[in-house]
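Now for the letters of each chain:
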Amino acid sequence: MMATNGTATCKDVQTNGEVATPSSPLPNNSQRFTFSSEPTMEDIRRMQAEFTDERDWNKFHQPRNLLLAMVGEVGEVSELFQWKGEVAEGLPDWSDSEREHLAHELSDVLIYLLELAEKCRVDLPRAVLQKMALNKLKYPASKVHGSAKKYTEYTD
Ligand SMILES: Nc1ccn([C@H]2C[C@H](O)[C@@H](COP(=O)(O)OP(=O)(O)OP(=O)(O)O)O2)c(=O)n1
């Protein structure tokens with residue numbers, strides 16, 4: 001069950017994976033922004049697996065199709081930013097409706113990303129920790145502070 005704005009927060013996720021009484025995930029710009037601690041990536045993976053199973057859609061959700069679906073949703077995110085010029089952090093000039101639309105499209109990207117990772121047998125929470133550790137090695141803060149250069153552009 002989804003609320004009228006179609007969005008949900010973690011505290012709305014019940015133990016059976018269903019979603020009830022969603023409240024807005026849209027940020028209050030005056031506060032420092034953090035994510036809710038739930039749902040976890042595994043929660044979302046499981047909920048999407050249930051959604052797919054219930055509809056007999058696994059036959060369509062092979063890795064390549066999921067990749068194409070995810071890229072399509074990335075395109076939908078891009079459309080929201082298209083022709084707007086620079087957009088400041090927190091999207092101060094965006095309407096609530098535009099923010100809600102963005103939240104939906106980013107969610108679509110994440111849902112497909114997590115299902116793609118599942119179908120490719122990539123344990124994404126663990127993989128992202130490994131990758132961030134590699135990023136730190138590649139981009140030591142002491143070396144790259146304040147510079148956006150690619151690591152290949154450093155000579156030493
Ligand atoms: N075969 C499908 C179709 C949909 N979904 C789920 C995952 C996405 O979160 C969302 C995508 O639905 P749509 O393809 O209808 O795309 P949008 O929700 O973005 O609608 P629109 O393209 O009208 O903006 O629904 C899915 O898992 N598998």
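These figures come from a predicted structure and were not determined experimentally.

(A) Here's a closer look at the nonpolar core. The biggest cluster of nonpolar side chains holds seven residues, and these are Met70, Val77, Leu80, Leu91, Trp94, Leu102 and Val109. Of all the secondary structure elements, the ones that give two or more residues to this core are helix H2 (63–81) and helix H3 (96–119). Take this core: its biggest share by element is three residues, from H2. In contact with Leu80, other than residues within four places in its own chain, are Trp94, His101, Leu102 and Glu105.

(B) Up close: H2. With 19 residues, H2 extends 28 Å from end C-alpha to end C-alpha; this agrees with the ideal 27 Å at 1.5 Å per step. Taken together, the buried residues of H2 touch H3. Residue Trp83 follows H2 closely and has a positive phi angle near 70°.

(C) Representation of the packing of H2 against H3. Two elements in contact, H2 and H3, have axes separated by 9 Å at closest approach and are oriented at 160°. Judged on the interaxial angle alone, H3 and H2 are roughly antiparallel. When the axes of H2 and H3 are compared, the crossing they make is left-handed. The residues of H3 that touch H2, namely those facing Pro63, Leu66, Leu67, Ala69, Met70, Glu73, Val74, Glu76, Val77, Leu80 and Phe81, are His101, Leu102, Glu105, Leu106, Asp108, Val109, Tyr112, Leu113, Glu115, Leu116 and Lys119. Classifying every residue of the contact of H2 with H3 by side-chain character gives 15 nonpolar, one polar and six charged.

(D) Spotlight on the pattern of salt bridges. In this structure the tally under the stated criterion is nine salt bridges. Measuring nitrogen to oxygen at the nearest pair gives 3.3 Å for the salt bridge that ties Asp43 to Arg46. With Asp43 and Arg46 both in helix H1 (residues 41–54) and three residues apart, this pair spans about one turn of that helix. The closest approach of N and O atoms between Arg46 and Glu50, which form a salt bridge, is 3.9 Å. Of this pair, Arg46 and Glu50 both sit in helix H1, four residues apart, which is roughly one turn of the helix. In the salt-bridge network here, residues are joined through shared partners; they are Glu42, Arg45 and Glu118.

(E) Quick look at the packing of H1 against H3. The geometry of H1 relative to H3 is characterised by a closest axis approach of 9 Å and an angle of 85° between their N-to-C directions. Between H1 and H3, the angle falls in the class roughly perpendicular. Mapping the contact onto sequence places Met41, Ile44, Arg45, Gln48, Ala49 and Thr52 in H1 and Leu110, Ile111, Leu114, Glu115 and Glu118 in H3.

(F) Structural context of the side chain of Thr52. With respect to the helices and strands, the residue Thr52 is situated in helix H1. A relative accessible area of 0% places Thr52 in the buried class. Beyond its immediate sequence surroundings of up to four residues, Thr52 is in contact with Trp57, Asn58, His61 and Glu115.

(G) Structural context of the environment of Pro140. Tracing the chain through its elements places Pro140 in the loop between helix H4 (124–138) and helix H5 (141–144). On the basis of relative accessible area, Pro140 is assigned to the partly exposed category, the value being 28%. In sequence terms Pro140 and Gly90 are 50 residues apart; their C-alpha atoms lie 28 Å from each other.

Cut-offs used in this document
- Residues numbered from 1 in each chain as written.
- Predicted model: local features only at pLDDT ≥ 70, side-chain atom pairs only at ≥ 80, totals over all residues.
- Heavy atoms only, no water.
- Core = buried A, V, L, I, M, F, W, Y, C linked by side-chain atoms within 4.5 Å.
- Buried < 20%, exposed > 50% of the residue type's maximum accessible area, 1.4 Å probe, protein only.
- Helix = DSSP H or I, 4+ residues; strand = E, 2+ residues; numbered from the N terminus.
- Contact = heavy atoms within 4.5 Å.
- Expected span 1.5 Å × (residues − 1).
- Axes fitted to C-alpha atoms, helices over the stretch in contact; angles between N-to-C directions.
- Parallel < 35°, antiparallel > 145°, perpendicular 65-115°, else oblique.
- Left-handed = near helix turned anticlockwise from the far one by under 90°.
- Nonpolar A, V, L, I, M, F, W, Y, C, P; charged D, E, K, R; others polar.
- Salt bridge = Lys/Arg side-chain N within 4 Å of Asp/Glu carboxyl O.

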